[in-house]
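Given next are the chains, with one letter for each unit.
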Amino acid sequence: MHDRAAADQIEAWKALGFNPTACPIRDVLDRLGDKWSVLIVGSLAEGPQRFSALARDIPDISKRMLTETLRNLERDGLLTRTVYPTKPPSVTYTLTTLGQELLVLMGPLIRWADERHAAIRASRATYDAAEAPDTPRAAYAGAA
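A brief structural summary. None of these values were measured; they are calculated from a predicted model. In every chain, residue numbers begin from 1 and rise along the written sequence. With pLDDT at 70 or above as the cut-off, local features in this predicted model cover only qualifying residues; side-chain atom pairs require 80 or more to be listed or tallied, and sums for whole chains, interfaces and linings still use all residues. For the side-chain quantities, the full set of heavy atoms in the structure was used; hydrogens and water were omitted.

With respect to the overall build of the protein
For clarity, the cut-off: We count a stretch as a helix when DSSP gives it H or I for four or more residues in a row; a strand needs E for two or more, and each element gets its number in order from the N terminus. Only protein chains enter the calculation, and the probe is 1.4 Å; a residue is then buried if its accessible area is under 20% of its type maximum, exposed if over 50%, and partly exposed in between. What makes two residues a contact is simply this: any of their non-hydrogen atoms within 4.5 Å. Residue burial considers only the protein chains on display, and all accessible areas are found by Shrake-Rupley using a 1.4 Å probe.
What the protein contains, in helices and strands, is six helices and three strands. Each helix (α) and strand (β) of the protein, taken in turn from the N terminus, gives the series α-α-α-β-α-α-β-β-α. Residues classed as buried in the protein amount to 24% of the 144 residues present. Residue pairs at least 24 apart in sequence account for 43% of intrachain contacts in the protein once pairs closer than 6 positions are excluded. Accessible surface computed for the protein: about 10700 Å², of which carbon and sulfur atoms make up 58%.

Laid out in structure tokens, this is it:
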């Protein structure tokens, strides 16, 4: 299976000089490829959430990292932060239209990861066994 349109788009960017700092793929995937953003977007799929609910949904994220990731997602336009004037102030986070679009695209990736997870873990185990310290390995793929 090959996505010709995606390959053509990448080739078009390369033809324009392919400035890595202006690459839209890198720019967006730097955010989405971090450890927490996809999990937070997924947690917001059911609707607005308070900080404490997000922290419960993702128990291994620190408060500092949750705060930082929420700010970055807000900065990128994927969620909104709403502060209610209560004592103490109440804050909720909600996916924007852009965040909802991302959520739709995440669905197939989540299903793929779930369906292929066992195969990927088996491949890692095979690779790791071959990389054991007593197993010699060529310096590069073409080495004899």
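Read on, since the account is not over.
A word on the sheet that holds strand E3 (residues 90-95)
What counts is decided by this rule: Any two strands between which DSSP finds at least two bridges are classified as paired.
Strand order in the open sheet formed by three strands is E1-E3-E2, and the pairing between neighbours is antiparallel. At either end of the open sheet lies a strand with only one pairing partner, and these are strand E1 (49-50) and strand E2 (79-84). Note: E1 against E3, two bridges, orientation antiparallel. What sits directly across from Gln 49, in E3, is Tyr 93.

Some points on a nonpolar patch on the surface
Where we set the bar: Residues enter patches when they are more than 30% accessible in relative terms and free of salt bridges; like-charged ones are connected within 9 Å and nonpolar ones (Val, Leu, Ile, Met, Phe, Trp, Tyr) within 5 Å. Take a side-chain nitrogen of Lys or Arg and a carboxyl oxygen of Asp or Glu: if they are within 4 Å of each other, that pair is a salt bridge.
A cluster of nonpolar residues, Ile 10, Ile 25, Val 28 and Leu 29, forms a patch on the protein surface that exposes about 300 Å² of accessible area. The element that contributes the greatest number of residues to the nonpolar patch is helix H2 (residues 24-32), accounting for three residues. By relative accessible area, which is 31% here, Ile 25 ends up partly exposed.

Topic: the pairing of E2
Note: E2 against E3, six bridges, orientation antiparallel. Each bridged residue has a counterpart across the sheet, and for Thr 80 the counterpart in E3 is Thr 94. Here E2 folds back onto E3 in antiparallel fashion, the turn holding five residues.

Remarks on the side chain of Thr 92
Structurally, Thr 92 is set in strand E3. You can call Thr 92 buried: its relative accessible area is 12%. When residues no more than four places from it in sequence are discounted, the contact partners of Thr 92 are Pro 48, Gln 49, Arg 50, Thr 80, Arg 81, Thr 82 and Tyr 84.

Observations concerning the environment of Glu 101
By the element assignment, Glu 101 lies in helix H6 (residues 97-130). The exposure class of Glu 101 is partly exposed, given its relative accessible area of 46%. Taking the C-alpha atoms as reference points, Glu 101 and Leu 78, 23 residues apart in sequence, are found 9.1 Å from one another.

A look at the side chain of Gln 49
Looking at the element boundaries, Gln 49 is found in strand E1. Excluding residues that lie within four positions of it along the chain, Gln 49 makes contacts with Ser 43, Leu 44, Leu 54, Val 91, Thr 92 and Tyr 93.

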